Amino acid sequence: MSKKTKEKQSQDTENKDINIDITDTPTAEGAEQDMEPAEELPVEEMDETAKLTAEVDDLKAQIEKQKDDYLRLMAEFDNYRRRTLREKADLIKTGGESCMKAILPVIDDFERAMQAMANSNDVEALKTGVELIYNKFRAYLEQNGVKEMETIGVEFDADKHEAIAQIPAFEPEQKGKIIDCTQKGYTLNDVVIRFPKVVVAQ
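Remember, it's a predicted structure, so these values are computed and weren't measured experimentally.

Quick notes on the sheet that holds strand β6 (residues 197-201)
Now for step 1: Taken in spatial order, the three strands of this open sheet run β2-β6-β3, and their pairing is mixed. In this open sheet, the two edge strands, each paired with only one partner strand, are β2 (162-167) and β3 (178-183). On average, adjacent strands in this sheet sit at an angle of 25° to one another, irrespective of strand direction.
Now for step 2: Here β3 pairs with β6 via four bridges, running antiparallel. Note that in β6 the partner of C181 across the bridge is V198.

A few points about the packing of helix α4 (residues 97-119) against helix α5 (residues 123-143)
Now for step 1: Taken N-terminus to C-terminus, the directions of α4 and α5 make an angle of 175°; their axes are 10 Å apart at the nearest point. Taken as axis vectors, α4 and α5 run roughly antiparallel relative to one another. Together, C99, A102, I103, P105, V106, D109, F110, A113, A116 and M117 of α4 and L126, I133, K136, F137 and Y140 of α5 make up the contact between the two elements.
Now for step 2: For the contact of α4 with α5, the per-class residue count stands at 13 nonpolar, no polar and two charged.

Looking at the sheet that holds strand β5 (residues 191-194)
Now for step 1: As summarised here, the arrangement of the three strands in space is β1-β4-β5, forming an open sheet in which the pairing is antiparallel. Lying at the two open borders of the sheet, with one neighbouring strand each, are β1 (146-148) and β5. Direction aside, the axes of adjacent strands within the sheet are offset by 40° on average.
Now for step 2: Relative to strand β4 (residues 186-188), β1 runs antiparallel, the two sharing three bridges. Its bridge partner being in β4, K147 is matched across the sheet by T187.

Some thoughts on the environment of K177
Now for step 1: Counting through the fold element by element, K177 comes out in the loop between β2 and β3.
Now for step 2: Given the relative accessible area of 29%, K177 is considered partly exposed.
Now for step 3: As for K177 and V198, which are separated by 21 residues in sequence, their C-alpha atoms are 9.8 Å apart.
Now for step 4: In this view, K177 contacts G153, V154, E155, F156, V199, V200 and A201; residues no more than four positions away in its chain are not counted.

Comments concerning unusual backbone geometry
Now for step 1: Non-glycine residue N189 carries a positive phi angle of around 55°.
Now for step 2: By the element assignment, N189 lies in the loop between β4 and β5.
Now for step 3: According to the relative accessible area criterion, N189 is exposed, its value standing at 56%.
Now for step 4: Even without a glycine there, the phi angle at D190 is positive, about 70°.
Now for step 5: Position of D190 among the secondary structure elements: in the loop between β4 and β5.
Now for step 6: With relative accessibility at 69%, the residue D190 sits in the exposed group.

Description of the pattern of salt bridges
Now for step 1: The full count for this structure, using the stated rule, is eight salt bridges.
Now for step 2: Ionic pairing is found between D78 and R81, a salt bridge with its closest N-O pair at 2.8 Å. Of this pair, D78 and R81 both sit in helix α3 (residues 43-94), separated by three residues, roughly a single helical turn.
Now for step 3: Residue classification places R81 among the partly exposed positions, given a relative accessible area of 38%.
Now for step 4: With a shortest N-O distance of 3.3 Å, R138 and E148 are connected by a salt bridge. Of the two residues, R138 is situated in helix α5 and E148 in strand β1; the sequence distance between them amounts to 10 residues.
Now for step 5: Connected via shared salt-bridge partners are D78, R81 and R82.

Calculation rules
- Residues numbered from 1 in each chain as written.
- Predicted model: local features only at pLDDT ≥ 70, side-chain atom pairs only at ≥ 80, totals over all residues.
- Heavy atoms only, no water.
- Pairing = 2+ DSSP bridges.
- Helix = DSSP H or I, 4+ residues; strand = E, 2+ residues; numbered from the N terminus.
- Axes fitted to C-alpha atoms, helices over the stretch in contact; angles between N-to-C directions.
- Parallel < 35°, antiparallel > 145°, perpendicular 65-115°, else oblique.
- Contact = heavy atoms within 4.5 Å.
- Nonpolar A, V, L, I, M, F, W, Y, C, P; charged D, E, K, R; others polar.
- Buried < 20%, exposed > 50% of the residue type's maximum accessible area, 1.4 Å probe, protein only.
- Salt bridge = Lys/Arg side-chain N within 4 Å of Asp/Glu carboxyl O.

Spelled out as structure tokens, the structure:
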């Protein structure tokens, strides 16, 4: 074989090795198709997220409502407190008005009695007039809840009576009981407003 023929065969072999089948090379379009799509959340997780979002929105709405109710309640309570204080002040200022007005007729009776004493020597008539005034005044006190406390013969109670003296009992059954009262006690609606001063047997 000649030298030229050998060179030609060698060149043909090199060309065959370099020849590449371009049909097997992936195109740009194919590369895009082979790329994995962006990862998406499963449907169940999306539903759970939406549910949690709705619950958060509902809780926020409840908090706003409770805050609004609280502010309204505080405003109402403040108005109530101010109104109560004003009413209490008015009651203290004018509460005794009806009481004083009811006593005025008793004062009128006493004035008439004093005029009668100055112009009359009838002791019995004067005594009767004073008793009428006294009974009228006591009736007024009872109508307003003021009552006289019973003392004589009652068991001594330190919470209701004020002992000013103790004397020996004349009889055994008198021990610990009240045998004399030097100043009457009174209650207002069953609450002691003045303690009676008493003498207790021992």
